Amino acid sequence: MTLAYLRPASLPEAVEALSQYGYDAKVIAGGTAVVLMLQQKLIAPQVLVSLVRIPFLDRIGVDGQALHLGPMLSMDAVTRSPLIQERLPALAQACAVVGNVRIRNQATLGGNLGHADYASDPPAVLLALDASVLVYGPPGKRTIPLADFLLGFYTTALSAEEVIADIVIPSLPLDTQMVYLKYRTRSSEDRPCVGVAAVATMDGKICRDLRLAVGAATEVPQRLARIEALAQNQVLSDELIDEIAGQYAAGLDPLDDLRGSAWYRRQLIRVQVKRALKAVSGGPG
Ligand SMILES: Cc1cc2nc3c(=O)[nH]c(=O)nc-3n(C[C@H](O)[C@H](O)[C@H](O)COP(=O)(O)OP(=O)(O)OC[C@H]3O[C@@H](n4cnc5c(N)ncnc54)[C@H](O)[C@@H]3O)c2cc1C
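Calculation rules
- Residues numbered from 1 in each chain as written.
- Predicted model: local features only at pLDDT ≥ 70, side-chain atom pairs only at ≥ 80, totals over all residues.
- Core = buried A, V, L, I, M, F, W, Y, C linked by C-beta atoms within 7 Å.
- Buried ≥ 20, exposed ≤ 12 C-beta atoms within 10 Å, placed from the backbone.
- Contact = placed C-beta atoms within 7 Å.
- Pairing = 2+ DSSP bridges.
- Helix = DSSP H or I, 4+ residues; strand = E, 2+ residues; numbered from the N terminus.
- Axes fitted to C-alpha atoms, helices over the stretch in contact; angles between N-to-C directions.
- Near = placed C-beta within 6 Å.
- Nonpolar A, V, L, I, M, F, W, Y, C, P; charged D, E, K, R; others polar.
- Domains from an automatic or database assignment.
- Left-handed = near helix turned anticlockwise from the far one by under 90°.

(A) Region of the structure containing the nonpolar core. Formed by 86 residues in total, the largest nonpolar core has its most connected members in Ala90, Val125, Ala128, Ala197, Ala198 and Tyr248. Residues contacting alanine 197, with those up to four places away along its chain left out, are Ala90, Ala124, Val125, Ala128, Tyr180 and Ala213.

Structure, rendered in C-alpha cells:
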C-alpha cells in the first residue's frame, strides 16, 4: 500500500485532513517516533499529515499570565532559548538530556507529548510546571491540563482529528527555584530510568509552594499533592526533605522494566527527590 504525505499550510487544513482519514491518518512532526513505528510495522497509516509547513508552531511566546511553547519546537530549540533558560531552567535541563544531539535536533516537544512514552524527560517538568496542552480539532480549541492529557502507555486524550497547537505554562512567582534530575541506568544517551522535577517557590528559607513530579517510573508522571503540601510554609530542613523523599518512594508504585526493577526505582526516587529538594532549597545536592 502507498503512503501519502500531506503538508497542510494551516491548522484548519491539518484538522480537515485528519477528519477526512480518521485513524488511517497519522500526524508527523519530527518523525523520530513515527518513522520507527512505521519501520517496525507498529502502525500502518494511509496518510502522514506533516506539521512542518504550518507557521508559528515553533514559536515561544509570553503574555501576562503564561509562557507559550509551540509544539514544533525541537528539544534543541527549547534548550538553547535564553527565555526558557532564564524562566524555566528545569525544562531546558530536561530537553538537553533527551537522547543524543541528532534526536534533540529533530524531536519536538509536541511529538514527545503526543507519543506519550513513559520513559521521557520533558513531561515530568511540564507536570511540575502545571502545564496545559491547547489542542485544535474539528469543534475548535480546547485546553487540557497535562495531568488529564497523558492517560497511560502511549495514550493521550487527543482524538484522531486533533492537533497539539500550544503548550501553556502559567507564570511563576519570581522566587521560584526549579531543577530536573535524570537518572539513566544503561548509557549516557539512554531514556530515563527515573526523572525528578522539583519546582519550589521560596521566601528566603521558607518554601511557600512545592511541586514535585516523578517521571519514567510509572505509566505517566506523578505528583503526590498530599506530600507536596508537607513543604508548604516550611523550612526545607534535612529532616523534612528526608520525610518527603521517603513518602514519595513509598507512595508511588514503580514499574519493573529493563531500565530498573520496581525495588531499584523506589530507591532511586528517594535519592533523587532528596537531591532535587536540596537543589531547590539552596542546599548541597
Ligand atoms: C534514539 C532515541 C532516543 C530517545 N531518547 C529520549 C530521551 O532520552 N528522553 C525523552 O524524553 N525522549 C527520548 N526519545 C523520544 C523522543 O523525545 C520522541 O521520539 C520525540 O520527542 C517525538 O517527537 P517527534 O517530533 O519526533 O514526534 P513524531 O515522531 O513526529 O510523533 C510522535 C507522536 O506524536 C504525534 N504528534 C506529533 N506532533 C503532534 C502534534 N503537534 N499534535 C498531535 N500529535 C502529534 C504523532 O502523531 C505521533 O503519534 C528518544 C527517541 C529516540 C529515537
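(B) Spatial organisation of the sheet that holds strand E6 (residues 132–137). If you trace the five strands from one edge of the open sheet to the other, you get E4-E5-E10-E6-E7, paired in antiparallel fashion. Two strands lie at the open edges of the sheet, namely strand E4 (60–62) and strand E7 (140–145), each paired on one side alone. Pairs of neighbouring strands in the sheet enclose a mean axial angle of 25°, with direction left out of account. One ladder, built from four bridges, connects strand E5 (residues 66–69) with strand E10 (residues 163–170); its direction is antiparallel. Residue histidine 68 lies in a different strand from E10, and its bridge partner there is valine 168. Strands E6 and E10 of the sheet are contacted by helix H1 (residues 11–21), whose axis makes an angle of about 130° with E10.

(C) Structural context of the site of the ligand. Inspection of the region around the ligand gives 30 residues, with Gly30, Gly99, Gly111, Asn112 and Gly114 positioned closest. Mapped by element, the contributors of at least two residues to the shell around the ligand are strand E2 (25–28), helix H2 (34–39), helix H6 (101–106), helix H7 (109–115) and E10. Top element by residues in the shell around the ligand is H7. It accounts for five residues. Considered class by class, the residues forming the shell around the ligand number 15 nonpolar, 12 polar and three charged. Built from parts of two domains, the shell around the ligand gets at least three residues from each of domain 1 (4–50) and domain 2 (60–170).

(D) The sheet that holds E2, seen in detail. In spatial order, the strands read E1-E3-E2; together these three strands make up an open sheet with parallel pairing. Strands at the two margins of the open sheet, each flanked by one partner only, are strand E1 (4–6) and E2. The average angle at which neighbouring strand axes cross in this sheet is 25°, direction not considered. When E1 meets strand E3 (residues 47–50), the two strands line up parallel, connected through three bridges. By the bridge assignment, leucine 6 is partnered in E3 with valine 49. In this fold H1 packs onto E1, E2 and E3, with an angle of close to 165° to the strand it touches most, E3.

(E) Region of interest: the packing of helix H11 (residues 238–251) against helix H12 (residues 262–280). Direction vectors running N to C along H11 and H12 enclose 145°, while the axes themselves pass 8 Å from each other. Classified by chirality, the crossing of H12 by H11 is right-handed. Counted together, Ile241, Asp242, Ile244, Ala245, Gly246, Tyr248 and Ala249 of H11 and Arg266, Ile269, Arg270, Val273, Lys274, Leu277 and Lys278 of H12 form the full contact between these two elements. The class makeup of the residues in the contact of H11 with H12 is eight nonpolar, one polar and five charged.

(F) Just the domain arrangement of the protein, in detail. Here the protein is partitioned into domain 1 (4–50), domain 2 (60–170) and domain 3 (176–280). For domain 1 and domain 2, the distance between their C-alpha centroids amounts to 19 Å. The partner domain 2 presents 18 residues to the 13 residues of domain 1 that form the contact. For the side of domain 1 that touches domain 2, the leading source of residues is H1, giving five residues. Here the side of domain 1 that touches domain 2 is built from residues that sort into eight nonpolar, five polar and no charged.

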